[in-house]
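Commentary on secondary and tertiary structure
Here are the chains, one letter per residue:
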Amino acid sequence: MCYQNCTMRPFHSIWLIPFLGCLLAVARADEFKMANGNVLRGEVASPDEDGLVVKLDVGGFSKREPWINFSQETLKELAKDPKIAPLVEPFIELEPEQIKAKEKQKEIVIKPVPNRLERPTPKPNLIAAFITPLGLAILSVLMLANLYASYEIALFRQQPVSLVCGLSVLFPGIVPVIFLSLPTRVAHAGAEVVTAEAAAAGAGDGHGGAKAKTTSTFPAALAGGLSLAAGAKSEPATAQSQPQTYTRGEFTFNRRFFETKFPGFFRVVPGEAEKDLVMVIKAIRGEYVGKRISRISMNEMHLQLQSGNASAEVMVPFAEIQSVQIRHKDAKV
């Protein structure tokens, strides 16, 4: 019996080892509860970012289950493993107390800076913008442009340059517009004609010198008060007795020249002084005899010809005019 007992002990010991191993395997097997209520029993086999593969206690492996399929209880248990915790923490729902604790940790505390200069209180306005160096430069450019425009407008409208520029400094922008809207100022030639007549009379009389001086003073004083028609009659009246010729080189032929020298030729119905006069223009293209200036621009003029057809006219550029003559329509050339 003693021998038999000694022989059976090793035999029972051999069967005891697998039995204890099974018990340890069952004891080590974990339960992984799913969100849908299912339970996986086994061991953690392969955790990664996409999920977890469980080595089942019944044998084999489960499919990789995403972390979102596991219950919160299982995720919290898995988070206790330092290797799996970073993978499952984004899927764990925190309690309100835990959320508040994390918010306090993330709260940024602004600490006061010592010896910090305070910013001045800005008071934006239009005047402050022009006080800056850039604003002063812009104002200077605008003022120079205003003066230049005033100078050109004064020449174009034949106004005193000093008057227009002086007023433009006081009222920039407004004065140039006002003078530009005014009609062109026409110079009166009545005083010059009367002075010329007095000089001619003094040449034929021995005592004409004193008369010429006295005669020329009175009309010159009244020249500023004469109307445009009175000034226009004086010059053509002289042309009845002797033609007046203006040649290039002595005169500049432009719009201002014709408007100041021959204002009577712009009328639709000629006056008493211009009804028997004609304007003879010698140009590069030929010679034209007209009785009226129908239109005029900055570079050219339209002359109504002396013919039976009242609508016959010719365009003459100022650059082609060689001479202009005012004579009687019956005068011999």
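Quick summary incoming for the structure in this document. Bear in mind the structure is a predicted one, so any value in this text is a computation, not a measurement.

1. Remarks on helix H6 (residues 133-156)
Between its terminal C-alpha atoms H6 stretches 35 Å, which fits the 34 Å expected from 24 residues at 1.5 Å a residue. For H6, the complete set of buried residues consists of Gly135, Asn146, Ser150, Ile153 and Ala154.

2. Notes on the pairing of strand S7 (residues 300-305)
The pairing of strand S6 (residues 287-296) with S7 spans five bridges and is classified as antiparallel. Among the inter-strand pairings, Gly290 is bridged to a residue of S7, identified as Leu305. Adjacent in sequence and paired antiparallel, S6 and S7 are bridged by three residues.

3. Observations regarding the packing of aromatic side chains
The final tally for this structure, using the stated rule, is 12 aromatic pairs. Plain terms: the ring middles of Trp67 and Phe70 are 5.9 Å apart, the flat faces sit at 40 degrees to each other, and that makes the pair tilted. By relative accessible area, Trp67 is classed as buried at 1%. You can call Phe70 buried: its relative accessible area is 2%.

4. Here we look at the pattern of salt bridges
In this structure the tally under the stated criterion is nine salt bridges. Lys80 is paired through a salt bridge with Glu77; the nearest N and O atoms lie 3.4 Å apart. On the basis of relative accessible area, Glu77 is assigned to the partly exposed category, the value being 47%. Its salt-bridge partner being Arg295, residue Glu313 comes within 2.9 Å of it at the nearest N-O pair. Of this pair, Glu313 sits in strand S8 (residues 313-317) while Arg295 is found in strand S6, placing the two residues 18 residues apart along the sequence.

5. Some words on the sheet that holds S8
The six strands are arranged S4-S9-S5-S6-S7-S8 in an open sheet whose pairing can be described as antiparallel. Whereas interior strands pair on both sides, the edge strands pair on one side only; in this sheet they are strand S4 (244-247) and S8. Neighbour to neighbour, the strand axes of the sheet diverge by 40 degrees on average, direction disregarded. Taken together, the four bridges between strand S5 (residues 277-283) and S6 define a ladder with antiparallel strand orientation. Within S6, the position partnered with Ile281 by the bridge is Tyr288.

6. Section: helix H7 (residues 161-170)
Of all the residues in H7, the buried ones are Val164, Cys165 and Ser168. Considered in projection along H7, the buried side chains sweep an arc of 95 degrees and stay on one side of the axis. Exposed positions of H7 whose direction lies more than 90 degrees from the buried face are Ser162 and Leu170. Among the structural elements, H6 and helix H8 (174-181) are those in contact with the buried residues of H7.

7. Quick word on the packing of H6 against H7
Where H6 contacts H7, the two axes come as close as 9 Å, and the packing angle between them is 150 degrees. Relative to H7, the element H6 lies roughly antiparallel. H7 is crossed by H6, and the crossing has right-handed handedness. Residues Asn146, Leu147, Ser150, Tyr151, Ala154 and Leu155 of H6 touch H7, and the partners they reach there are Val161, Val164, Cys165, Ser168 and Val169. The residue makeup of the contact of H6 with H7, split by class, is eight nonpolar, three polar and no charged.

Rules and cut-offs
- Residues numbered from 1 in each chain as written.
- Predicted model: local features only at pLDDT ≥ 70, side-chain atom pairs only at ≥ 80, totals over all residues.
- Heavy atoms only, no water.
- Helix = DSSP H or I, 4+ residues; strand = E, 2+ residues; numbered from the N terminus.
- Expected span 1.5 Å × (residues − 1).
- Buried < 20%, exposed > 50% of the residue type's maximum accessible area, 1.4 Å probe, protein only.
- Pairing = 2+ DSSP bridges.
- Phe/Tyr/Trp six-rings, centres within 6.5 Å; stacked < 30°, edge-to-face > 60°.
- Salt bridge = Lys/Arg side-chain N within 4 Å of Asp/Glu carboxyl O.
- Axes fitted to C-alpha atoms, helices over the stretch in contact; angles between N-to-C directions.
- Arc of directions from axis to C-beta.
- Contact = heavy atoms within 4.5 Å.
- Parallel < 35°, antiparallel > 145°, perpendicular 65-115°, else oblique.
- Left-handed = near helix turned anticlockwise from the far one by under 90°.
- Nonpolar A, V, L, I, M, F, W, Y, C, P; charged D, E, K, R; others polar.

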